[in-house]
Structures are given as structure tokens and as C-alpha cells.
Amino acid sequence: MSTLTVANLPYPGSKNAPTKFKGDYTKVKPFIKHYERLLAQCSVTTDKEKCENITQYCSTRVSNFIEVLSDYVKPDWDKLKAAILKHFDADRDTKRYKVNNLLRFVKVQKEKPINSLASWTKFQRDFVQIADWLKTRGKITDDEYSTYLWQSIHRGLRMRLENRLLSSDPNRDMTKPFKVSDIIDSAEKYLQCDRFDSDLVYTDSDQDSEWDLDNSDTEDSESEYDSDGSLKRYKKRAKRTPKATEYKATRIQHRATDDE
């Protein structure tokens, strides 16, 4: 079997070639890894060949930038690779989330009802994207992870899950958060698609919401009335005045008829 050489590097845009790198910081690391795998497969070992061939897989703007770097002109692949990662902000991709991102997620998500297994799955996927990233990098602890998950759940569902969890362990220590696996298992069982009362799962909470809405409307109308009471009473009297005048005129007319 013949050994591959630099001439066997895939043609730009072909099936095995790296996707053209255009400077996106989220793609610079995968691009470099792909390129280095090709170098190894094709037995490309010299710094000169490594540096010269990377530009064929880059956009014109990126190629022009790389070609003026000193580590490209005086070929040193390791230093050129480090320069590319630095200038195209590869570290920015590793600093994707902060704890504040998770706090904002909790604040927004806890206001959204979860009334189906599909909405639970989407909620869990969105939570994991941020929380798992933070946990694997030591930004939050396991207990904090569980607490953030619990606080992200809408109050209506959270109350039902708490009842289920406590019924199976009524003497548990409530100074510790529920286990993530227990929360997920309880939610999936409660929201399972084929449960017998799936159409009525949120009937109570929906009614509560409607009642709250009705009350808020009443309060708003009363407040509006109080803030502009004199004007409304004036308008009310003004509307009654023509009716009273008409009624009085009718009585006078009837009296005149009777006198005749």
C-alpha cells in the first residue's frame, strides 16, 4: 500500500475536506483538528507544508490574514496554530456561559407552564445546555445544579412533583435538594402521554389562572373608576339628564290630555 503525501490532501470543497473556515470563533477549533487529522493521514510532517496548505481551506479574508503572520512567513506550524486560535478568539467559545446566564434562565422559565411531556423535554434540553456546561467546568456544584433545576420548574408542576416525591419519602431531609434523577423520573411519569387523565392534568391550575385573571380585571376596573370617579359620575348624570327631561315632558303631555 502506497504512502499518502501532501499531494493527497483533499481538494477544497470535496467530501473529506474541512468546511471552509471563515473566521467564526465557534468553528476554529474543529477546523484545526480536522486539518491536523488530514496532515497525519497524508504524512505531512514539515512545518512549511503544514503552514502553506492550511490557507486553501480558508476564505480569502482569513487566508490573507494568515499569510502575513510571521509564523507563516517563517514557517512554524505549532506557533502558527496558536496564533490562529488566539486571533480568532477560540477562548471565547470555552467561555460560553456564566452563572448569570443560568439565573436568567431560571427567572424566565419558572413563569412558563409545563403541561406536556414534549414541553418538559424541551425545558430539560434548554436547562442542560447551560447547567451541564457550568457543572462540568466546576462553576456550580451538584446541589446547586439540582436547586436550579427545581427552581426552573413552573410552580404548578413543582407543587405536584413535590407531593409525589414526599409521598415516597415523607421523612426526607428538606435541607437537601431533591436528586435530579428523582425529579426527572417523577416529572416524566406525571406527564406521560398515555396517562388516563392526561387531558385534565392542568385543569386546576388553569382554573386558578382564569380566576386570578378575572380578579385582576375587576381590580383594574375598580381602580380606574376610583382614579377618575368624578368624571365618570358626571358622565353618568349627563346621560341620565335627557331621559329624565323626556320623562318629565311625557308626564306633562299626558296631564294636558287628561285635562282636555
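See the structure printed just above.
Owing to the predicted nature of the structure, the values given are computational and were not obtained by experimental measurement.

Draft legend 1. Examining the overall build of the protein chain more closely. Summing up its helical and strand segments, the protein chain has 13 helices and zero strands in all. Its helices and strands in sequence order give the protein chain the pattern α-α-α-α-α-α-α-α-α-α-α-α-α, from N to C terminus. Counting every position in the protein chain, which comprises 260 residues, the buried fraction comes to 29%. If you take every contact in the protein chain between residues at least 6 apart in sequence, the share linking residues at least 24 apart comes to 65%. Accessible surface, the protein chain: about 18400 Å² in total, of which carbon and sulfur atoms supply 49%.

Draft legend 2. Here's a closer look at a positive patch on the surface. The grouping of Lys29, Lys33, Arg37, Arg137 and Lys139 at the surface amounts to a positive patch. In this structure, Arg137 sits in the loop between helix 8 (117–136) and helix 9 (142–152). Classification of Arg137 as partly exposed rests on a relative accessible area of 44%.

Draft legend 3. Region of interest: helix 10 (residues 155–168). Along its 14 residues, helix 10 runs 20 Å from first to last C-alpha, staying within 8% of the 20 Å computed at 1.5 Å per residue. Where the residues of helix 10 are buried, they touch helix 8, helix 9 and helix 11 (180–190).

Draft legend 4. Quick peek at the environment of Val44. The residue Val44 is located in the loop between helix 1 (28–41) and helix 2 (47–54) in this model. The spacing of Val44 and Thr5 is 39 residues in sequence and 6.4 Å in space, taken between C-alpha atoms. When residues no more than four places from it in sequence are discounted, the contact partners of Val44 are Val6, Leu39, Glu49 and Lys50.

Draft legend 5. Structural view of the pattern of salt bridges. Scanning the entire structure with this criterion turns up five salt bridges. A salt bridge links Lys81 to Glu36; the nearest nitrogen and oxygen atoms lie 3.1 Å apart. Pair noted here: Lys81 is in helix 5 (residues 77–87) and Glu36 is in helix 1, with a separation of 45 residues, a long-range link. Judged by relative accessible area, Glu36 falls into the partly exposed class, the value being 28%. Note that Asp142 is salt-bridged to Lys135, the shortest N-O span being 3.9 Å.

Draft legend 6. Examining unusual backbone geometry more closely. For Ser43, which is not glycine, the phi dihedral falls at a positive 55 degrees. For Ser43, the location among the structural elements is in the loop between helix 1 and helix 2. When its relative accessible area of 39% is taken as the criterion, Ser43 is described as partly exposed.

Draft legend 7. Region of interest: the nonpolar core. Ranked by internal contacts, the top residues of the largest apolar core, which has 28 residues, are Leu102, Trp120, Phe127, Ile153, Leu157 and Ile183. Those elements that place two or more of their residues in this core are helix 7 (99–109), helix 8, helix 9, helix 10 and helix 11. Residues Val44, Ile54, Cys58 and Ile84 belong to the second largest nonpolar core, which totals 24 residues.

Draft legend 8. Focus on helix 11. Within helix 11 the residues assigned to the buried category are Val180, Ile183, Ile184, Ser186, Ala187 and Tyr190. On an axial view of helix 11, the arc spanned by its buried residues comes to 165 degrees, and they lie on one face. The secondary structure elements touched by the buried residues of helix 11 are helix 8, helix 9 and helix 10.

Draft legend 9. Geometry of the side chain of Ser146. Looking at the secondary structure, you find Ser146 in helix 9. Take Ser146: its relative accessible area is 7%, and that puts it in the buried class.

Draft legend 10. Spotlight on the packing of aromatic side chains. Under the defined criterion, the tally for this structure stands at 12 aromatic pairs. When the ring of Phe21 is compared with that of Phe88, the centres are 5.2 Å apart and the planes differ by 80 degrees; the resulting orientation is edge-to-face. Taken together, the positions of Phe21 in the segment before helix 1 and Phe88 in the loop between helix 5 and helix 6 (90–94) put the pair 67 residues apart, joining distant regions of the chain. Note on Phe88: relative accessible area 10%, which makes it buried. The structure contains a cluster of three or more aromatic residues connected by ring pairs, namely Phe105, Trp120, Phe123, Phe127 and Tyr145. Above the ring of Tyr145, the side-chain terminus of Lys135 is found at 4.4 Å from the ring centroid.

Draft legend 11. Fine view of the packing of helix 2 against helix 5. One can describe the packing of helix 2 onto helix 5 by two numbers: an axis separation of 9 Å at closest approach and a directional angle of 30 degrees. Considering the angle they form, helix 2 stands roughly parallel to helix 5. On helix 5, the residues touching Asp47, Lys50, Cys51 and Ile54 of helix 2 are Trp77, Leu80 and Ile84. Per-class residue counts for the contact of helix 2 with helix 5 are five nonpolar, no polar and two charged.

Scoring rules and cut-offs
Residues numbered from 1 in each chain as written. Predicted model: local features only at pLDDT ≥ 70, side-chain atom pairs only at ≥ 80, totals over all residues. Heavy atoms only, no water. Helix = DSSP H or I, 4+ residues; strand = E, 2+ residues; numbered from the N terminus. Buried < 20%, exposed > 50% of the residue type's maximum accessible area, 1.4 Å probe, protein only. Contact = heavy atoms within 4.5 Å. Areas by Shrake-Rupley, 256 points an atom, 1.4 Å probe, with all protein chains shown as cover. Patch = residues over 30% accessible without salt bridge, like charges linked within 9 Å, V, L, I, M, F, W, Y side chains within 5 Å. Salt bridge = Lys/Arg side-chain N within 4 Å of Asp/Glu carboxyl O. Lys, Arg positive; Asp, Glu negative; His and termini not counted. Charge placed at Lys NZ, Arg CZ, Asp CG, Glu CD. Expected span 1.5 Å × (residues − 1). Core = buried A, V, L, I, M, F, W, Y, C linked by side-chain atoms within 4.5 Å. Arc of directions from axis to C-beta. Phe/Tyr/Trp six-rings, centres within 6.5 Å; stacked < 30°, edge-to-face > 60°. Lys NZ or Arg CZ within 6 Å of the ring centre and 35° of its normal. Axes fitted to C-alpha atoms, helices over the stretch in contact; angles between N-to-C directions. Parallel < 35°, antiparallel > 145°, perpendicular 65-115°, else oblique. Nonpolar A, V, L, I, M, F, W, Y, C, P; charged D, E, K, R; others polar.

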